[in-house]
Amino acid sequence: MGADASIVSLFKAELELCKIGPGDTVAVLSEGTRRADYAQAFLAAAQQIGAAAMQINLPSLPVQGPAGQFGRTPLAGNRLAIDALKQATIVIDLMGLLFSHEQLEITDAGARVLLVVEPLDVLRELFPTAELRRRVEYGSKLLGAARELRVTSPFGTDLHYKLGQYPVMTEYGYTDTPGRWDHFPSGFLLTHGNDGAVEGTVMLMPGDIVNAFRRYVQTPVRLTVEGGYVREIAGDGMDATLLKDYIESFNDPRAYAISHIGWGLNRRAKWHHMAATRELDAEIGVHGLAFYGNVLFSTGPNTELGGSNDTACHLDMPLRNCSLTLDGAPIVDHGRVVPPEMQTSEV
Ligand SMILES: [Fe+2]
């Protein structure tokens, strides 16, 4: 099967952003027939820029987990494949290693990992730029220096995070740094609160997103957070019931932990995308995760930034119209990015 020329040129541009060239090795990691067209196109793109290229294709897991379940991959236990991937310059991950121990082992060895699973129209619409990287990295300096983060909203959200224990993670859609992970496309940043040091209330309101459900919240939900865990999920509508039932189904108290917190900086990402796309089932939901001025709140694991909670229940919940401060300084104000350094004319 020949690779589609327009996809090859898109992936070539992406590999060039990643500064891949002659002497580098691109390893494409895939599962079954999923994104087989992407695999062929990345191999062809790598070849065009003079890099060595290979594909490792693994059988799919016999049973697929639900949406929002992370960390269990066909790579687990496959020592030969893991050792080969560790030697690549960059691993193009077409299956989703996020939150897995295998991914940490590969990046610890110095290989970069680039996750690529979104449909082609999303890759094109949100194609990364150096300007996006600059804004995300500016945000990461502010977030890395902060010791207290607070999220508020006119609807009653008031959540406090103590910071400093965990590093900041940036996602701007490409990576030219050894050992670094990114997701093509992307555009946000995040960290974790210190262990046990997240307190307050989150009001999920209509229009907020529960990404694992591919669903906009329709009815208010109140999450009460104490000691870094959600202690109560309250609300009269469908959304509170869904959240409670879903998290409970993991039968894991660590599923209630507060996970990462941060904000979205991708001007091209659209809050309304999920209502309009035809490919919802095929998406991770980057538009929702990255739209400009969101507050990205989440629950579940913290292994990605060095914590010990590897629960499989991860819920990303991009919030609209919220305000976020770092040590009292406004960063997002009612959904608008405040510091001029993170504003953009990019559309
Ligand atoms: Fe997440």
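Right, let's walk through the structure included here. (Residues numbered from 1 in each chain as written. Predicted model: local features only at pLDDT ≥ 70, side-chain atom pairs only at ≥ 80, totals over all residues. Heavy atoms only, no water.)

On to the pairing of strand β13 (residues 221-226). Examined bridge by bridge, strand β10 (residues 198-204) and β13 share five bridges and lie antiparallel to one another. When the sheet's bridge partners are listed, T201 is paired in β13 with T224. As paired strands, β13 and strand β14 (residues 229-234) are joined by five bridges and run antiparallel to one another. Bridge pairing in β14 places L223 opposite I233. Where β13 folds back on β14, the antiparallel hairpin that results is connected by two residues, among which G227 adopts a positive phi of roughly 60 degrees. (Pairing = 2+ DSSP bridges. Helix = DSSP H or I, 4+ residues; strand = E, 2+ residues; numbered from the N terminus.)

Now for the environment of V122. Inspection of the secondary structure assignment puts V122 in helix α5 (residues 120-125). The class for V122 is buried, based on a relative accessible area of 0%. Placed ten residues apart in sequence, V122 and L132 show a C-alpha to C-alpha distance of 16 Å. Apart from residues lying up to four places away in sequence, V122 is in contact with P185, H273, E283 and H287. (Buried < 20%, exposed > 50% of the residue type's maximum accessible area, 1.4 Å probe, protein only. Contact = heavy atoms within 4.5 Å.)

With an omega of 0 degrees, the peptide bond between F184 and P185 qualifies as cis. Even without a glycine there, the phi angle at D327 is positive, about 50 degrees. In this structure, D327 sits in the loop between β18 (323-326) and β19 (329-333).

Turning to the environment of G187, a few remarks are in order. With respect to the secondary-structure elements, G187 resides in the loop between β8 (181-183) and β9 (188-192). Separated by 165 residues in the primary sequence, G187 and P22 place their C-alpha atoms 28 Å from one another. Excluding anything up to four places from it in sequence, G187 contacts L132, V136, E171, Y172, G264, L265, N266 and A290.

Let us look at helix α6 (residues 130-145). Its 16 residues give α6 an end-to-end C-alpha distance of 23 Å, which sits within 8% of 22 Å, the value for a rise of 1.5 Å per residue. Residues of α6 that are buried include every one of L132, R133, R135, V136, G139, S140 and L143, and no others. Angularly, the buried residues of α6 cover 165 degrees about the axis, an arc narrow enough to put them on a single face. Every exposed residue of α6 that faces more than 90 degrees away from the buried side is listed here: A130, K141 and A145. Residues of α6 that are buried make contact with β5 (148-152), β7 (169-171), β9, β15 (258-264) and β18. (Expected span 1.5 Å × (residues − 1). Arc of directions from axis to C-beta.)

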